[in-house]
Amino acid sequence: MALPLEEALELYRRMLRIRFFEKKMDFLFTHGQVHGTCHFSIGQEASAVGACAAIQEDDVVMSTHRGHGHALARGLPLNNLMAELMGRVDGFCSGRGGTQHVMSWKHHFIANGITGGTAVTGTGIALAFALKKEPRVVLSFSGDGAINEGHYHETLNLAAVWKLPIIFLCENNLYAMSTHTKESMVLQDISKRVESYGMKSITIDGNDIEMVKETVSSAVQNARTGLGPVFIECKTYRFSGHSKNDLFLYRTREEEAQWLKKDPIEKYEKIIKERYGESNETFKRIHQEVEQELDAAAIFAQNSPFPPEASLLDHCWCSEGGLP
Amino acid sequence: MREITYIEAIREALTEELERDSKVFMLGEDIGTYGGAFGVSKGFVQKFGLDRIRNTPMSEAALVGVSAGCAIGGMRPIVEIMFMDFLTLCMDQLLNHAVKYHHVSNGQLKVPLVIRTAAGGGRGYGATHSQSLEPLLISIPGLKIVYPSTPYDAKGLLKASIRDNNIVIFIENKLLYATRGIVPEEEYLLPIGKAKVIQLGDDVTIITYSRYLQESIAAAKESNLSVEIVDLRSLAPLDMETISTSVKKTGKVIIIEEGCLTGGIGAEIASKVMENCFDYLDFPIQRVAAKDIPIPCSPTLEKATLPSKQDIVEALSKIKNR
């Protein structure tokens with residue numbers, strides 16, 4: 001059954017917000033406004049938005065070094081996200097995290113910079129839910145690089161053995177930084193490797209937002225009812241470089257052109273137009289609105305002060321609790 | 001007052017905290033029916049059930065990482081890493097994840113986690129099951145490191161560690177498990193980060209911890225010097241106040257540890273003593289530690305690698321003969 005038009009347009013808007021956000025950050029970075037680096041997820045918007053649309057507010061999202069899209073899909077406010085990336089006091093972590101370590105517990109969202117590492121933390125949070133008998137789940141994003149990390153395999157196995165309420169969503173964009181999956185694994189479907197742990201494991205078109213949403217919804221149902229974890233491999237492609245220094249030496253222009261034809265946003269725009277008869281006007285309006293909110297977010301972030309040096313030693317220790 | 005062993009003291013602390021707080025639970029390799037490699041959790045499964053005494057696969061990285069996540073999720077896990085040598089398998093989850101979450105999230109995330117592990121040589125376990133790797137840990141900001149030398153300290157500090165909202169590495173020395181000491185029956189907690197002056201003296205300060213406390217006491221008895229002995233009990237936070245007070249009184253320092261000399265706990269403390277007490281020092285700071293080699297299995301070679309009471313006696317006599 002097709003989604004209601006309003007819902008389809010909302011999914012579209014969220015994908016567009018990620019794409020424009022990344023482009024805005026790229027612009028700000030180039031103009032010296034961002035301290036550090038940025039790993040953009042342009043081209044991978046459907047897996048982020050589709051997956052996050054399938055979970056509830058009190059579920060938890062674990063993210064990666066390439067996490068801006070996950071954060072926006074999760075509903076983290078633009079203003080504070082941009083402030084965090086620019087090292088400002090209004091960021092979720094008061095700028096301590098930056099691009100790779102966005103954490104907002106209010107939104108049940110944690111990102112960290114080590115490949116596959118947050119899946120382990122996420123498995124622990126899922127264990128806490130299981131022990132406390134809370135019907136909550138963890139949605140844990142990773143890239144294809146994670147599948148060659150030892151700790152990732154340890155945690156997949158542990159989650160399967162303990163039947164924990166977690167969904168491992170692997171965005172396979174074919175390249176771990178510059179290394180193609182053909183150089184790093186024999187089986188090209190990562191789900192086949194994970195199947196051996198005895199959990200449900202599937203590969204889908206990660207650029208098809210409705211398929212992602214539907215697949216994750218059914219996985220969430222599985223996890224929430226005590227049937228254990230599910231692994232979902234979303235095949236996708238990163239149109240942007242790995243990070244800000246990428247010269248694209250490792251892939252061909254032909255391959256990029258092939259994937260650009262499968263742009264998840266353009267694809268979905270076409271579907272909405274065909275299915276609901278929406279006009280160009282609607283999309284033009286959405287583009288304008290998203291651009292406006294991003295302009296406002298950039299102004300907000302630029303006006304937010306840097307954290308004071310006096311706050312440097314805050315939170316070195318957790319002082320709550322402990323000895324009376 | 002009753003006397004119990006170090007291992008019984010640890011077992012009592014765990015039992016009391018498991019009974020007190022339903023959020024506290026344990027996980028580790030072979031801690032279930034087997035009762036743990038050293039028998040610490042003997043009988044726990046029968047008492048607390050499989051959910052709270054969780055046997056795990058041999059996946060140390062996942063163990064520490066999952067425990068950290070579980071702590072963020074509102075539980076208070078105690079994870080057992082069978083041998084301290086295996087902590088190296090968990091380093092990324094400890095260093096890049098667990099210990100980063102609280103500070104980097106600007107205080108949003110809390111990780112109340114205890115990692116218990118058995119350390120030290122003297123039992124012929126060889127190069128990969130005998131090490132004292134605490135020097136690797138002291139340079140990680142945000143970790144608390146506790147290393148008790150007596151049953152009394154073991155119980156009071158473990159209970160405090162379990163109630164602490166930080167990540168505490170609680171190190172147990174294999175050769176101390178069977179040692180006995182006075183432990184009160186009524187409940188008590190000991191503060192983390194406070195050293196203890198074991199005996200007062202005027203000529204020299206011995207700074208040590210864990211197994212080398214008893215060796216130091218014995219060596220001090222053999223010398224004719226008036227020896228002050230400081231038992232660190234916690235390596236992080238380090239109680240520089242107690243150390244400095246003692247050093248300023250005696251002007252002479254010997255630092256004794258079981259791990260390798262280079263880059264050891266003694267190196268760090270020696271630097272801090274120089275920074276804090278330079279004008280009070282009358283003699284070069286001395287370090288007694290293991291030789292900088294992998295620990296051999298053969299008993300004669302193992303003995304020659306690890307520091308001995310004789311090494312401490314010799315360090316004391318250098319001071320005496322000055």
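Computed from a predicted model, the values in this text were never measured in an experiment. (Residues numbered from 1 in each chain as written. Chains lettered and ligands numbered in written order. Predicted model: local features only at pLDDT ≥ 70, side-chain atom pairs only at ≥ 80, totals over all residues.)

Helix and strand counts for chain A come out as 12 helices and 9 strands. Taking 2.2 N^0.38 as the reference for a compact globule, 324 residues should give roughly 20 Å; the C-alpha atoms of chain A span a radius of gyration of 20 Å, in line with that estimate. Each of the 324 residues in chain A was classed as buried or not, and the buried ones make up 50%. The contacts of chain A with a sequence gap of at least 6 include a subset with a gap of at least 24, amounting to 76%. (Helix = DSSP H or I, 4+ residues; strand = E, 2+ residues; numbered from the N terminus. Rg over C-alpha atoms; globule rule 2.2 N^0.38 Å. Buried ≥ 20, exposed ≤ 12 C-beta atoms within 10 Å, placed from the backbone. Contact = placed C-beta atoms within 7 Å.)

Okay, the interface of chain B and chain A next. On the chain A side, the residues contacting the 38 residues of chain B number 37 residues. Elements supplying a minimum of two residues to the side of chain B that touches chain A: helix H3 (60-72), helix H4 (91-104) and helix H6 (151-163) of chain B. Looking at which element gives the most residues to the side of chain B that touches chain A, the answer is H3 of chain B, with 9 residues. Taken together, the residues of the side of chain B that touches chain A break down into 15 nonpolar, 18 polar and 5 charged. (Nonpolar A, V, L, I, M, F, W, Y, C, P; charged D, E, K, R; others polar.)

Glancing now at the confidence of the model for chain B. Considering every residue of chain B, the mean pLDDT works out to 97; 100% of them sit at 70 or more. For this predicted complex, the interface score ipTM comes out at 0.96, alongside a pTM of 0.97. (pLDDT = per-residue confidence, 0-100.)

On to the sheet that holds strand S12 (residues 234-236) of chain B, then. By way of backbone hydrogen bonds, the strands of a sheet pair with one another, either parallel or antiparallel. All names here are of chain B. Read from one edge of the open sheet, 7 strands run S3-S2-S4-S5-S7-S6-S12, paired in mixed fashion. Each edge of the open sheet is held by one strand with a lone partner, namely strand S3 (53-55) and S12. Adjacent strand axes in the sheet meet at a mean angle of 20° when their direction is disregarded. The pairing of strand S2 (residues 24-28) with S3 spans 3 bridges and is parallel. From the neighbouring strand, Gly28 faces S3, where its bridge partner is Asn55. (Pairing = 2+ DSSP bridges. Axes fitted to C-alpha atoms, helices over the stretch in contact; angles between N-to-C directions.)

Another aspect to go through is the sheet that holds strand S4 (residues 138-143) of chain A. Residue and element names in this part refer to chain A. Pairing in this open sheet of 7 strands is mixed, and the strands run S2-S3-S1-S4-S5-S9-S8 from one edge to the other. The open sheet is flanked by strand S2 (103-104) and strand S8 (200-205), the only strands paired with a single partner. With 6 bridges joining them, strand S5 (residues 166-172) and strand S9 (residues 230-235) adopt parallel strand pairing. Bridge pairing in S9 links Ile167 to Val230. The strands that helix H2 (residues 45-52) touches are strand S1 (60-63), S4, S5 and S9; relative to S5, the one it contacts most, it runs at about 165°.

All names here are of chain A. Under the 1.5 Å per step criterion, the end-to-end length of helix H12 (residues 280-303) is 35 Å for 24 residues, consistent within 8% with the ideal 34 Å. Buried within H12 we find Val290, Ala298 and Ala301. The elements touched by buried residues of H12 are helix H1 (5-30) and helix H4 (78-85). (Expected span 1.5 Å × (residues − 1).)

It is a general feature of regular strands that their side chains alternate between the two faces of the sheet. All names here are of chain B. The buried count for strand S5 (residues 113-119) comes to 7 of 7 residues, which makes it a mostly enclosed element. Side-chain alternation along S5 places Leu113, Ile115, Thr117 and Ala119 on one buried face and Val114, Arg116 and Ala118 on a second face that is also buried. Sheet analysis places strand S4 (residues 76-83) next to S5, joined by 5 bridges and oriented parallel. Bridging from a neighbouring strand, Ile78 pairs with Val114 of S5. In this region the chain leaves S4, passes through H4 and returns to the parallel neighbour S5; the handedness of that crossover is right-handed. Taken together, the 7 bridges between S5 and strand S7 (residues 167-173) define a ladder with parallel strand orientation. (Right-handed = clockwise from strand over helix to strand, strands pointing away.)

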